[in-house]
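Chains, contacts and geometry: an overview
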Amino acid sequence: MTNPQEQLFNPGDYFTYVLDQEIRNAGMRGGYCGFALQLVETPDLSSLQQRLDLLVTRFPQASAKIEVRGKRFAWVATGNPIPLELHQCQPGADEADESQRLLLDIFNRPESRPLTVHWIAGAEGGTLLLIWLHPLLDARGCKILLDFLSSDKPERFKDSPSLIEAKLAQWSFWKKLQLFFKAKRHNTTANSLDSCLPTQVEQGPQRLQLKVQRFDADQSQRIAKLAQQTTGLTGRTLYYLGCFMRAMEIVGPPAAKDGYCIPYAFNLRRQNAPTPVFGNHIGCLFARATREQVRDRTGLFAHLLNEHKQVVRDELDLAYLPLMWLGQWLAPEKYAKVLRKQHSGGELSSLWFSDIGELSWSKKGFLGVQVTDLSLMCWMTLPPGLALLASQLDGKLVLSYSYLSPAIDEAWLDAVIARMNVELLDSP
């Protein structure tokens, strides 16, 4: 970072900022995400506030504002502190229900800051909630930020440049051009399948709601084993995606079209990077299948796996980076059309999806306090109005369904989740 007080968006920042603008244009609060940890005891809240103060000092972007710089956008540091906001569950209420009510009230409120941190106190423990603007962080970056907040050695956390820009700098002009045309052809193919949607509603005031499906250790091991048998060692994400396609198809999509297209993230982040790494380092992949393919479970997973192998073989994941670089020069409304719309004019994505992977605080907990549960949230565009966020806590699978209400019919979603559980746990 040449100027710690100002930093131009990298291509990943702008990619997610454009989607943030689309969410705001639909009358919702913006591209915010949430990460909630359930703790068995109250952590040292004064130490947590001190660490938030250190975060702003060491990484000014944490409380920055977004400003226009010509045709680009930039994070401009404000120096504003990030106060730890305290909330209390009402005595006598069911604590789990009351905690989720407060959590959703906080998540649905209007917000202008890029990062807020909350403690929702229960009778003994409580819930630590981080809410961040997606252009600032991605979910893996949030986990690294939590590590910073609870670290014994915060000085080892250093800033680092954009990995998208570093990757692009490694390639010659001709390599970038070759990848650009590969991505353009692949994107044209992705746009050719009219996606089934979980709602017929495309406008109107919405409130974000959350349903969390938790699996015990035995169930999680069974799902992991079935995923390995079905889609291989690296295909667990494909297993979740295929199971959801089948669940939605069996229950019946409200907007039934040609098939399913679900974008999912290719993450460039360095593994175990000891830095908050503000900014999104992502590329785009697609899981696509026709309705006919979805009805054949064995054939569906073979198709998704072959599609994924082609992506890796042809470098189609990396190929999207030159497209993202060019996209940052487009106006938000024009770039949004490229990202969201098919050639037919319909919505590209059947739902939003992210697989955060394995998380664990089992050794030291968070600030020395045991983490017993987690849930994830994100705002999304309407349509599709539905996001499935997958994670594992100490080997136990957690699926968080964020959805817009009243756009998404709750009874329909309950039926889809029930069918999703069957698909995950049942072998063909």
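Provided above is the structure to which this section pertains.
Residues numbered from 1 in each chain as written. Predicted model: local features only at pLDDT ≥ 70, side-chain atom pairs only at ≥ 80, totals over all residues. Heavy atoms only, no water.

**Here's the deal with the overall build of the protein chain**
Helix and strand counts for the protein chain come out as 13 helices and 14 strands. For the protein chain, whose C-alpha radius of gyration is 21 Å, the value lies close to the compact-globule estimate of 22 Å for 428 residues. Taken over the C-alpha atoms alone, the protein chain extends approximately 55 × 55 × 40 Å along its principal axes. Of all 428 residues assigned to the protein chain, the portion counted as buried reaches 57%. In the protein chain, once contacts between residues fewer than 6 apart in sequence are set aside, the share between residues at least 24 apart is 79%. Split by element, the accessible area of the protein chain, about 18,200 Å² in all, is 51% carbon and sulfur. Taking the 46 positively charged and 45 negatively charged side chains of the protein chain as two groups, their mean positions are separated by 7 Å. (Helix = DSSP H or I, 4+ residues; strand = E, 2+ residues; numbered from the N terminus. Rg over C-alpha atoms; globule rule 2.2 N^0.38 Å. Buried < 20%, exposed > 50% of the residue type's maximum accessible area, 1.4 Å probe, protein only. Contact = heavy atoms within 4.5 Å. Areas by Shrake-Rupley, 256 points an atom, 1.4 Å probe, with all protein chains shown as cover. Lys, Arg positive; Asp, Glu negative; His and termini not counted. Charge placed at Lys NZ, Arg CZ, Asp CG, Glu CD.)

**What about the sheet that holds strand β6 (residues 115–121)?**
Strands sit in the order β5-β6-β7-β2-β12 across an open sheet of 5 strands; the sheet is mixed. Each edge of the open sheet carries a strand with a single partner, namely β5 (84–88) and β12 (371–378). Across the sheet, the mean angle from the axis of one strand to that of its neighbour is 20°, orientation sign disregarded. Pairing geometry for strand β2 (residues 32–39) and β12, over 7 bridges, is antiparallel. Bridge pairing links L39 to V371 in β12. Sitting on the sheet, helix α2 (residues 45–58) is in contact with β5, β6 and β7 (126–133), with an inclination near 150° to β5. Strands in contact with helix α3 (residues 95–108) are β2, β5, β6, β7 and β12; relative to β7, the strand with the most contacts, it is inclined by about 20°. (Pairing = 2+ DSSP bridges. Axes fitted to C-alpha atoms, helices over the stretch in contact; angles between N-to-C directions.)

**Quick word on the pattern of salt bridges**
In this structure the tally under the stated criterion is 27 salt bridges. Shared partners join several salt bridges into a network, and the residues in it are E6, K65, E67 and R69. (Salt bridge = Lys/Arg side-chain N within 4 Å of Asp/Glu carboxyl O.)

**Remarks on the packing of helix α1 (residues 11–25) against helix α11 (residues 316–327)**
Between α1 and α11, the shortest axis-to-axis distance is 8 Å and the interhelical angle comes to 70°. By the angle between their axes, α1 is roughly perpendicular relative to α11. In this structure, α1 meets α11 at a crossing whose hand is left-handed. Here P11, G12, Y14 and F15 of α1 lie close against α11, whose contacting residues are M324, W325 and G327. Of the residues assigned to the contact of α1 with α11, the class counts are 5 nonpolar, 2 polar and no charged. (Parallel < 35°, antiparallel > 145°, perpendicular 65-115°, else oblique. Left-handed = near helix turned anticlockwise from the far one by under 90°. Nonpolar A, V, L, I, M, F, W, Y, C, P; charged D, E, K, R; others polar.)

**Observations regarding the state of the cysteines**
Scanning all chains against the criterion turns up 0 disulfides. With no disulfide partner, C33 has as its closest neighbouring cysteine sulfur the one in C378, 5.3 Å distant. Free of any disulfide, C142 has its nearest cysteine sulfur in C33, 8.8 Å distant. The class for C142 is buried, based on a relative accessible area of 0%. (Disulfide = S-S within 2.5 Å.)

**Structural notes on the pairing of β5**
Pairing of β5 with β6 involves 5 bridges; the strand directions are parallel. Following the sheet pairing, L86 is matched in β6 by W119.

**Examining a nonpolar patch on the surface**
Together, W325, L326 and W329 make up a nonpolar patch on the protein surface, roughly 310 Å² of accessible area in all. Note on placement: W325 falls in helix α11. (Patch = residues over 30% accessible without salt bridge, like charges linked within 9 Å, V, L, I, M, F, W, Y side chains within 5 Å.)

**Looking at the packing of helix α8 (residues 236–251) against helix α13 (residues 410–425)**
In the contact formed by α8 and α13, the axes pass within 8 Å of each other and the chain directions differ by 130°. With respect to α13, the axis of α8 lies oblique. As α8 packs across α13, the resulting crossing turns out to be right-handed. Between α8 and α13, the contacting residues are Y239, Y240, C243, F244, R246, A247, M248, I250 and V251 on the first element and W412, A415, V416, R419, M420, E423 and L424 on the second. Here the contact of α8 with α13 is composed, by residue class, of 13 nonpolar, no polar and 3 charged.

**A word on the packing of aromatic side chains**
A complete count under the given rule lists 17 aromatic pairs for this structure. Put simply, the rings of F9, Y14, Y17, F73, W75 and Y335 pair up and form one aromatic cluster. (Phe/Tyr/Trp six-rings, centres within 6.5 Å; stacked < 30°, edge-to-face > 60°.)

**Description of a negative patch on the surface**
Among the surface-exposed residues, E41, D94, E95, D97 and E124 lie close enough to one another that they form a single negatively charged patch. Note that D97 resides in helix α3.

**A word on the side chain of S375**
Take S375: it is sitting in strand β12. Once residues within four sequence positions are removed from consideration, S375 is found in contact with G34, F35, A36, L103, L210, V212, R214 and S400.

**What to know about the sheet that holds strand β4 (residues 72–76)**
Taking strand neighbours across the sheet as the criterion, the 3 strands line up as β1-β4-β3 in an open arrangement whose pairing is antiparallel. At either margin of the open sheet sits one strand with a lone partner, and together these are β1 (6–8) and β3 (65–69). Along the sheet, successive strands turn relative to each other by an average axial angle of 35°, direction set aside. Two elements, β1 and β4, share 3 bridges in a ladder whose sense is antiparallel. Directly across from E6, in β4, lies its bridge partner V76.

The values reported here are purely geometric and, on their own, carry no functional implication.
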